[in-house]
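Here are the chains, one letter per residue:
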Amino acid sequence: MAKGKASDFTLMIATILLVFIGIIMVFSSSWPNALYKMNDGYYFLKKQLIAGVIGLFAMLFFMNFPYWRLNKLSKLIFLGCIGLSLLLYTPLGIEINGAKRWINFGITTVQPSDAMKLGSIIYLTSFLSRRKEDIKSIKKGVLPALVIIGIGTGTILMQKDLSTSAVLGMALVIILFIAGMKMLHLTVLGVLGLGAVAGAIALEDFRLNRIMAFLNPFEYKSGIGWQVVQSLYALGSGGVFGAGLGKSRQKFFYIPEPYNDFIFAIIGEELGFIGCITVIVLFLLIIWRGIRIALNAKDLFGCLLASGIVSLIAVQTLIHIAVVTSSMPPTGIPLPFISYGGTSLMVYMAAVGILLNISRHTELDRS
Amino acid sequence: MSSPTFTTKKRLVFMLLAVSVVVFGLMMRLGYIQIVRGQGLKDEALEQWAKDIPIGPKRGAIYDRNGKELAVSISSYQVDCIPADVNEPERSAEIISTILDLDKEDVLSDLTKRQSIVKIKRWISDEEADELREADLDGIVIVPDNKRYYPYGNFASYILGFTDYDNKGLYGVERTYDKYLTGTPGRLIKNTDSLGRQLPGDVERLVEPESGLNAVLTIDETIQHIAEKAALEAQVKNKAKRTAVIIMEPKTGNVLAMSTKPDFDPNNPREPVTEEQKQEWAQLSQEQLIKEWNSIWRPYTISDNYEPGSTFKIITAAAGLEEGVVTKDSTFHCDGYVRQVKSPKPIKCWRYYNPHGTQTFVEGAENSCNEVFVEVGLRLGKDKMYEYVREFGFGDKTGIDLTSEAYGLVIRPEYIKEVNLATMSFGQGIAVTPIQLVTAMSAVANGGELMEPRIVKELRDQNGELVHEFKPEVKKRVISKETSDTMMEILRSVVDNGTGGNAYTAGYRVGGKTGTAQKVVDGRYASGKYIASFAAIAPTDDPEIAVLVIIDEPSTGVYYGGLIAAPVAGEVVKETLDYLDVELKYTAEELEEELKKKVIVPDVTGKDLNEAAEMLAGQGFKYTTQESGAKGSLIIVDQFPKANTEVNKGSKIELYTQDKVEVEDTIIVPNLKGQSPEKVIETLNEMNLRFKFNGNGLVMDQVPKPGTEVKFNSLIEVEFQKRDW
């Protein structure tokens, strides 16, 4: 295992570019909110910049941190993430809009669900790589794996963050799929999953409303369709070339928290179709390189870990873009690397660091 | 350490493909949204961002026919609030309520409304606007606005009408010409955030409002004043419920004046005008008050029907003469009762107790004898009668461009029984509007053509350029010129020799007809309620005006048109024709009468000879003057007899004049130094300067100094001193 191997340069550049675009877009899109609500137009920029710098160090750290050690540390990491989540129920937990999702560490706040995403991927892949053939058996493989998935998504679900736990759930199930789970089992799981989604929709009116808003946003423009319509207005007024960096009007409170779940709409408005495609291509590059790394990983743990990280990035990115373009019912999912959120940015950069480390130990070329 | 299986690798490749497919789909979707639907979405977004603040256009003015302003729009300001931009509602409310004299709580609730824009107050003064601007409160916008102002108050209110809070015409010309007067509103467009705050770095766009057109009325301000005064006096004197005076120019159908009392002040149409109104309105509930307002805003002369009574005999007579069923000299007999017609209640002449006996048609008109006109009506027959009534415009709108015009009530021929025909002939059993009657009178007077009554002469733009002219419109010929001439003779005779005597005005050849009608209330004749009226035309040889005076429910016990309405009409005719400078033509007796009258000599000093001559002639004086130069350049410096002396009418006044140039030009004081007294006297006399001498010898000094500009006839003090050598 030669340590001198260079890591995947394309992946690194794509990631850094995205983070760079992200910081600029967070600054641009958060300006009105920052100015009116925080009395400091640079409020979100500063925080995101700091997180970006820390994230860069995290990426560099994990790039040089032999990934197989994570295999050994996986149990500890997972427990750490659970512990972090439990801190929400101590006085350190901050409640915003009726949901406890942040922990206040004094100098900074941390969102444990972001850590949990990576933590459960590491733990699940570690579990699966140790029992390579068990995945084909329900008792030995599938059920224990589902328990891990249940714990991971469950802690997030307890934070009333259904969409995030769904994203994580999907990423984890994709790991099972890649690990070689039987199609029959997978189909049954898929049916059960669909059933659960249908149940969840039937259970809560607001979820049904969101589907209505998705199907006919303009009819509910002033109510449930507001966000969707505003997002489409942003994209539409951007056109091919965009209104120009910083020139979004929709970020002026038409789109709530534009630096977050709808940041792609602001990219569309300011940078146009061309800007959007550029961002999508960068994500596609990351996914392509990630899958390539997984394919060439020299061991199963590295392969599954890379697959898991790529799945997470892919699922979250596609859902975010799908929501913004009203290609699916609206739900609140930030865009990896781009949306505002320090923990998320650091975790994703760390995850890319892990990917880069795996790439250093592939068997084939790394052009 | 285990390595990935083949399945894993296969599935990884599958995932890459799956993701690629989804990404491709999303790209297509994105392209569809941003490129295909882009413009549409952008337009909607633009609409969403743009907040309009409408800017009211300046409403066109309304002028009388000589260009006097009757209704104008004065610049004013409006205060709007954008609640989203208000920072300190409490403090702002405090300041605003103090400056604008509003209730603080009301202002506060405005400032905190969840609305993109709230109107706080309209029509604030310049000072208030300045104070507010100085206070520089966030979220408070001051936009230009204009307010309607009627400089003459309750004057011609039924013609002008008034506007509502949004400068929209509600009644009168304000309503009927609203679309021309209004203009096009401008807009202040700015892009705002979702809370209505202006976007930073965004430019406001101003679409200038376009002012409305000015309307020039046919109304003459002076004549309107005459009518207003006459109507008010008649109302007060007769304790009448209502009075109305309409003056029309028969040749054109131009309404020169139209007044109804009581009326309202268009500046504050909901405020009482008189003390009585104030007391009366104070008793009313809100609901009753609204009813009262609506009733007082209705233009009586246009939208109320009344039974015209004997003034309608003008129509019967004109129809009879035109059809040849009667001539001026036809004879009739009045024995007090109409016997040709069967009627449940006998139809009587008004003087049934002392019948008129045998009389000519002209005498019948002078006497206003009902029997004569019943006979004429019967000779015409119901079909002819109905035809003429309709021809003269009764039972139909006259087309005057004012609101809520009524049709009047004319019984259809198939329902006209002999009784109806008989009563209609003297103006009972038919209802007309005052404007219909005055229009019909005009047709009788102008040689037989029914005109469309006109109130607006032309529309002009803000620069005074003519945009549209409304030409006088002849609707149809109703009677011949001969009949019209005969009618004028008859009507003049009514005034000169008959029941219309109280409208007589020496020199102005007044013709007219009295009218006294019992009021119909709820379909029955109400006892003790009358409408006295007088229809006058003058001068009869060349009609300039048709005047209709209506006194509704006089309550002093005197109710005959000839007694109370005729003098009002006479006064209106005199004042109007005086103003219009219509030539006085006296008969020999009139002249003698006139000359006997003592009159007061007016003061004409200081006027130029033209003005003085006009003034003296207007009051029947003659004058002489020693000068024969251009009249306009001569100033009267003295007159004999002096002003305020009592003399015989038609006396001669001697006028002493001076050249205007001398009087008005300044004179430059000459240098007199070293001159002899004789020389100084000569110089100063020549220059029309007075002088005062001190000492003797030759001129040493003078005040004012040489070169000073002084007025004609100024005093120059001259100092003389002897040379001592």
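Residues numbered from 1 in each chain as written. Chains lettered and ligands numbered in written order. Predicted model: local features only at pLDDT ≥ 70, side-chain atom pairs only at ≥ 80, totals over all residues.

Counting secondary structure elements, chain B contains 23 helices and 29 strands. The contacts in chain B between residues at least 6 apart in sequence include a share of 71% that link residues at least 24 apart. (Helix = DSSP H or I, 4+ residues; strand = E, 2+ residues; numbered from the N terminus. Contact = placed C-beta atoms within 7 Å.)

Right, let's talk about the overall build of chain A for a bit. What chain A contains, in helices and strands, is 12 helices and 3 strands. Classification of the 367 residues of chain A by burial places 56% in the buried group. Restricting to contacts in chain A with at least 6 residues of sequence separation, those with at least 24 account for 70%. (Buried ≥ 20, exposed ≤ 12 C-beta atoms within 10 Å, placed from the backbone.)

Here the focus is the interface of chain B and chain A. With 37 residues of chain B at the contact, the number on the chain A side is 44 residues. If you list the elements that add at least two residues to the side of chain B that touches chain A, you get helix 1 (6–36) and helix 2 (38–49) of chain B. It is helix 1 of chain B that contributes the most residues to the side of chain B that touches chain A, 18 residues altogether. For the side of chain B that touches chain A, a count of residues per class yields 18 nonpolar, 12 polar and 7 charged. (Nonpolar A, V, L, I, M, F, W, Y, C, P; charged D, E, K, R; others polar.)

Residue and element names in this part refer to chain B. Counted at 1.5 Å a residue, the expected span for helix 3 (residues 89–100) with its 12 residues is 16 Å, and the 16 Å between its end C-alpha atoms agrees. Taken residue by residue, helix 3 has S92, A93, I96 and I99 as its buried positions. Axial view of helix 3: buried residues confined to an arc of 140 degrees, hence all on one face. Among the exposed residues of helix 3, those pointing more than 90 degrees away from its buried face are E90 and R91. Structurally, helix 3 contributes buried residues whose contacts are with helix 4 (104–111), strand 4 (118–124), helix 5 (126–135) and strand 5 (140–149). Remark: D101 follows helix 3 within two positions and exhibits a positive phi of approximately 60 degrees. (Expected span 1.5 Å × (residues − 1). Arc of directions from axis to C-beta.)

Here the focus is the sheet that holds strand 2 (residues 99–104) of chain A. With antiparallel pairing, the 3 strands of this open sheet are ordered in space as 1-2-3 (chain A). Of all strands in the sheet, those bounded by a partner on one side alone are strand 1 (93–96) and strand 3 (109–110) of chain A. (Pairing = 2+ DSSP bridges.)

With that out of the way, let us pick up the packing of helix 13 (residues 313–323) of chain B against helix 15 (residues 370–391) of chain B. Residue and element names in this part refer to chain B. Between helix 13 and helix 15, the least distance of the axes is 9 Å, while the angle of their chain directions is 90 degrees. In terms of orientation, helix 13 and helix 15 fall into the roughly perpendicular class. From helix 13, K313, I315, T316, A317, A319, G320 and E323 reach across to helix 15, where they touch F373, V376, G377, R379, L380, K384, M385, Y388 and V389. (Axes fitted to C-alpha atoms, helices over the stretch in contact; angles between N-to-C directions. Parallel < 35°, antiparallel > 145°, perpendicular 65-115°, else oblique.)

Let us look at the packing of helix 4 (residues 112–130) of chain A against helix 11 (residues 300–324) of chain A. Residues and elements named next belong to chain A. Across the interface, helix 4 lies against helix 11 with an axial gap of 9 Å and an inter-helix angle of 150 degrees. As for how helix 4 packs across helix 11, the hand of that crossing is right-handed. Two secondary-structure elements touch here, helix 4 through K117, I121, I122, L124, T125, S126, L128 and S129 and helix 11 through L300, F301, L304, L305, G308, I309 and L312. A breakdown of the residues in the contact of helix 4 with helix 11 according to their chemical character gives 10 nonpolar, 4 polar and 1 charged. (Left-handed = near helix turned anticlockwise from the far one by under 90°.)

Here we come to the confidence of the model for chain B. When pLDDT is averaged across chain B, the result is 87; 97% of the residues are at 70 or more. Interface predicted TM-score (ipTM) for the complex: 0.94; the corresponding pTM is 0.61. (pLDDT = per-residue confidence, 0-100.)

All names here are of chain B. A cis amide bond links K261 with the next residue in sequence, P262, at an omega value of 0 degrees. By the secondary structure assignment, P262 is in the loop between strand 10 (254–261) and helix 10 (275–282). A cis geometry characterises the amide bond from F640 onward to P641, with omega recorded as -5 degrees. Examined against the element boundaries, P641 turns out to sit in the loop between strand 22 (634–640) and strand 23 (646–648). Look at D136: it is not a glycine, yet its phi comes out positive at around 50 degrees. Its location among the elements puts D136 in the loop between helix 5 and strand 5. Positioned with a positive phi, D581 is a non-glycine residue whose angle comes to about 65 degrees. Positionally, D581 belongs in the loop between helix 19 (561–580) and helix 20 (588–596). Since 9 C-beta atoms lie within 10 Å of it, D581 is described here as exposed.

What follows concerns the sheet that holds strand 9 (residues 242–249) of chain B. Residues and elements named next belong to chain B. Ordered by their spatial adjacency, 5 strands build an open sheet running 10-9-19-18-17, and the pairing between neighbours is antiparallel. The open sheet terminates on both sides in strands that have one partner only, identified here as strand 10 and strand 17 (511–521). Strand-to-strand, the axes of this sheet are offset by a mean angle of 15 degrees, without reference to chain direction. As defined by bridge partners, strand 18 (residues 524–538) adjoins strand 19 (residues 545–552) across 8 bridges and the pair is classed as antiparallel. Each residue of the ladder has a partner; that of F534, found in strand 19, is V549. Lying over the sheet, helix 9 (residues 221–237) contacts strand 9, strand 10 and strand 19, oriented at roughly 30 degrees with respect to strand 10. Its contacts with the sheet place helix 19 against strand 9, strand 17, strand 18 and strand 19, and it is angled at close to 30 degrees to strand 18.

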